[in-house]
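Each chain, letter by letter, is given below.
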Amino acid sequence: ELDLLLTMQDLLHFREQRQRQEKTLVCFVKALVGSRVDFELRGGAIVRGVLESVDAMMNCKLIKVRWKKKGQTAKYAEYSHIPGRQIVYIHIPDEIDVSKKLDSFFSR
């Protein structure tokens, strides 16, 4: 009985959290999971990679990553974490249909 109660509380918490996120830009960034995107960070670095996951604070995990700062050579990594507070811009490739991505995200 206690396990069922915890499960119901977790479910209600998850539902409330999702409803709050649907009213923010986080849901838009989450819809881009699986896509190759460019992030411009504070300090001028450009990070390109495949978006693997995004949390409620817009912290992003990327794979197949390329870091480039102006005037420096590019650095490559298999995996990288970007704190949400460091993101200035997210550049979305032209081939991504944003409305389809959002429809797909909200139909989950």
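So, a few notes on the structure that sits alongside this text. Not measured: the values here are computed from a predicted model.

The rules we used
Residues numbered from 1 in each chain as written. Predicted model: local features only at pLDDT ≥ 70, side-chain atom pairs only at ≥ 80, totals over all residues. Heavy atoms only, no water. Pairing = 2+ DSSP bridges. Helix = DSSP H or I, 4+ residues; strand = E, 2+ residues; numbered from the N terminus. Axes fitted to C-alpha atoms, helices over the stretch in contact; angles between N-to-C directions. Buried < 20%, exposed > 50% of the residue type's maximum accessible area, 1.4 Å probe, protein only. Contact = heavy atoms within 4.5 Å. Core = buried A, V, L, I, M, F, W, Y, C linked by side-chain atoms within 4.5 Å.

Quick look at the sheet that holds strand β1 (residues 36-41) now. Taken in spatial order, the 5 strands line up as β4-β3-β2-β1-β5 in an open sheet, and their pairing is antiparallel. Looking at strand neighbours, the two that pair on one side only are β4 (75-82) and β5 (87-91), the edges of this open sheet. Pairwise comparison of adjacent strand axes, ignoring direction, gives a mean angle of 35° for this sheet. Strand direction decides the pairing type here: β1 and strand β2 (residues 46-54), joined by 5 bridges, are antiparallel. If you follow R36 over to β2, its bridge partner there is V50.

It is worth spelling out the environment of G34 at this point. As for its placement among the helices and strands, G34 is situated in the loop between α2 (26-31) and β1. On the basis of relative accessible area, G34 is assigned to the exposed category, the value being 54%. C-alpha of G34 to C-alpha of S53: the two residues are 19 residues apart in sequence and 8.2 Å apart in space. For G34, the residues in contact, after removing those within four places along its chain, are V50 and L51.

Next up on the list: the environment of A77. Take A77: it is sitting in strand β4. Expressed as a C-alpha distance, the spacing of A77 and V65, which sit 12 residues apart in the sequence, is 5.1 Å. Not counting residues up to four positions away in its chain, the partners in contact with A77 are K64 and V65.

Formed by 17 residues in total, the largest nonpolar core has its most connected members in F39, L51, C60 and I82. Breaking this core down by element, the ones donating at least two residues are α2, β1, β2 and β3 (60-68). Apart from the residues within four sequence positions on either side, I82 is in contact with F39, L41, V47, M58, N59, C60, L62 and I87.

Tracing the chain through its elements places F28 in helix α2. Sequence separation between F28 and F105 is 77 residues, and the spatial gap between their C-alpha atoms is 8.4 Å. F28 has contacts with I92, V98 and L102, leaving out every residue within four places of it along the chain.

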